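An overview of the molecular structure
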Amino acid sequence: MELFDLSDKVAIVTGGNGGIGLAYAKGLVKAGAQVAIWGRNKRKNNQAVEALTALGGDAIAFAADLTRRDEALDAFQATVDHYQKVDICFANAGGVGRSGRLHQLTSEEWQAVLDLNLNSVVHTYQPVLQHLLDRGAPGKLIVTSSIAALVGAGFASGYAATKAAVLGLTRALAVEYGRKGIQVNAILPGYIETELTSNATDVFREAMLRRSCSGKYGTLEQMEGIAVFLASASSDFMTGQSIVLDGGNTIYPL
Ligand SMILES: NC(=O)c1ccc[n+]([C@@H]2O[C@H](COP(=O)([O-])OP(=O)(O)OC[C@H]3O[C@@H](n4cnc5c(N)ncnc54)[C@H](OP(=O)(O)O)[C@@H]3O)[C@@H](O)[C@H]2O)c1
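Rules of the game
- Residues numbered from 1 in each chain as written.
- Predicted model: local features only at pLDDT ≥ 70, side-chain atom pairs only at ≥ 80, totals over all residues.
- Helix = DSSP H or I, 4+ residues; strand = E, 2+ residues; numbered from the N terminus.
- Rg over C-alpha atoms; globule rule 2.2 N^0.38 Å.
- Buried ≥ 20, exposed ≤ 12 C-beta atoms within 10 Å, placed from the backbone.
- Contact = placed C-beta atoms within 7 Å.
- Near = placed C-beta within 6 Å.
- Nonpolar A, V, L, I, M, F, W, Y, C, P; charged D, E, K, R; others polar.
- Pairing = 2+ DSSP bridges.
- Axes fitted to C-alpha atoms, helices over the stretch in contact; angles between N-to-C directions.
- Parallel < 35°, antiparallel > 145°, perpendicular 65-115°, else oblique.
- Left-handed = near helix turned anticlockwise from the far one by under 90°.
- Expected span 1.5 Å × (residues − 1).
- Arc of directions from axis to C-beta.
- Core = buried A, V, L, I, M, F, W, Y, C linked by C-beta atoms within 7 Å.
- Right-handed = clockwise from strand over helix to strand, strands pointing away.

**Re the overall build of the protein chain**
Within the protein chain one finds eight helices and seven strands. Against the compact-globule benchmark of 18 Å for 254 residues, the protein chain has a radius of gyration of 17 Å, which places it among compact chains. By principal-axis analysis of the C-alpha atoms, the protein chain measures approximately 45 × 40 × 40 Å. Looking at the protein chain residue by residue over its 254 residues, the buried ones come to 44%. Long-range pairs, those at least 24 residues apart, make up 73% of the contacts in the protein chain between residues at least 6 apart in sequence.

**Considerations on the site of the ligand**
Around the ligand, the surrounding shell holds 29 residues, and the nearest of these are G15, G19, R40, N41 and G94. Of the residues assigned to the shell around the ligand, the class counts are nine nonpolar, 16 polar and four charged.

**Overview of the environment of I12**
Mapped onto the elements of the fold, I12 is located in strand β1 (residues 10–14). Under the C-beta neighbour-count criterion, I12 is labelled buried, with 28 such atoms within 10 Å. Separated by 135 residues in the primary sequence, I12 and I147 place their C-alpha atoms 23 Å from one another. Sequence-distant contacts of I12, defined by excluding residues within four places in its chain, comprise A36, W38, T79, V86, C89, F90 and V128.

**What to know about the sheet that holds strand β2 (residues 34–39)**
Across the sheet, which stays open at both edges, the seven strands sit in the order β3-β2-β1-β4-β5-β6-β7 with parallel pairing between neighbours. Lying at the two open borders of the sheet, with one neighbouring strand each, are β3 (58–63) and β7 (242–245). The average undirected angle you get between the axes of adjacent strands in this sheet is 20 degrees. Judged from the four bridges that link them, strand β6 (residues 182–189) and β7 form a sheet pairing that is parallel.

**Some points on the packing of helix α1 (residues 19–30) against helix α8 (residues 224–231)**
One can describe the packing of α1 onto α8 by two numbers: an axis separation of 7 Å at closest approach and a directional angle of 60 degrees. Taken as axis vectors, α1 and α8 run oblique relative to one another. At the point where α1 passes α8, the crossing takes the right-handed sense. Contacts between α1 and α8 involve A23, Y24, K26, G27 and L28 from the former and E224, G225, A227, V228 and A231 from the latter. Across the contact of α1 with α8, the residue classes break down as six nonpolar, two polar and two charged.

**Quick word on helix α2 (residues 42–54)**
With 13 residues, α2 should cover 18 Å at 1.5 Å per step; its first-to-last C-alpha distance of 18 Å lies within 8% of that length. Among all positions of α2, only K44, N45, A48, V49 and L52 are buried. With its buried residues spanning 140 degrees around the axis, α2 presents them on a single face. In α2, those exposed residues whose orientation departs by more than 90 degrees from the buried face are R43, E50 and A54.

**Quick notes on the packing of helix α4 (residues 107–135) against helix α6 (residues 157–177)**
Look at α4 against α6: their axes get within 9 Å of each other, and the N-to-C directions meet at 20 degrees. With respect to their mutual orientation, α4 and α6 come out roughly parallel. Considering only the axes of α4 and α6, their crossing is right-handed. Where α4 abuts α6, its residues W110, V113, L114, N117, L118, V121 and L129 lie against G158, Y159, T162, K163, A165, V166, L169 and Y177. Broken down by class, the residue content of the contact of α4 with α6 amounts to 11 nonpolar, three polar and one charged.

**Considering the nonpolar core**
Core analysis: the largest hydrophobic core is formed by 68 residues, its most contacted members being A11, A25, L28, A33, V35 and I37. Ignoring any residue separated from it by four or fewer positions in sequence, one finds L28 in contact with L6, A11, A33, V35, A227, V228 and A231.

**Here we look at the pairing of strand β5 (residues 139–144)**
The element β5 is largely enclosed, with a buried count of six among its six residues. Burial along β5 is two-sided: G139, L141 and V143 facing one way and K140, I142 and T144 facing the other are all buried. Where strand β4 (residues 88–91) and β5 come together, four bridges link them in parallel fashion. What sits directly across from I88, in β5, is K140. In this fold, the crossover linking β4 to β5 by way of α4 has right-handed handedness. Of the pairings in the sheet, the one linking β5 to β6 comprises six bridges and is parallel in character. The residue bridging L141 from the neighbouring strand is V184, located in β6.

What follows is the structure, encoded as structure tokens:
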């Protein structure tokens, strides 16, 4: 067995039509996995499938708003109808929500970021877990958290709170499903230039660069390998863990 071989494995990548999710998907297809992307935007979905196909990969995309449980269930059913099974699931879709101090946020704005970064993960994981249990199959669940879970995120308290919440979810699920052969882990990226960070202020961007041990931002290519590792049998003894990929941002002494 190749250490990182994903041949015959089927992976879901939510938010896989761009940014970090597409980087995960590229790593996964390069390792031989078949990949189903879930995202809302059909044009981005199609472009991502084209990019993965150009790499020689087998990929398909389904449109779904994962803040809605029914749409996640439909995307899951469509994935199983297409590939017959699911082995690996990256719950990566997410966003910052409205910026502002906590007292300025409406209940709807607070609820929206909970739905986007926490409830969407539950909507994604639930049918996958049921499916793995029904098959009696091992599996890998991976969520994209953020270093905001560790260091906070001023003016984005909902983001920091939800990215920390999924770490608790990860540890709980590692316990609940460990004896079923299912590993559950989290990736905490540092600053990477994507659509999500395109609205970041210059002050924030400069701070991220200053705090990087290498003096560089992370790149999307640097997210491919961690996805393959956590999806592969090489990580079978790792569960409930939170893996930081931030160029040293969170240990920088200033
Ligand atoms: N970039 C960073 O520096 C950084 C750092 C730490 C953590 N992260 C995390 O990494 C993940 C990916 O972010 P990114 O930086 O790659 O940003 P991005 O390019 O904006 O990607 C976000 C993805 O989520 C999808 N998405 C958003 N809302 C959705 C919804 N309601 N239902 C389904 N899909 C939805 C988007 O597709 P559609 O718009 O088509 O739905 C898109 O594919 C996020 O969870 C983010 O919090 C990013």
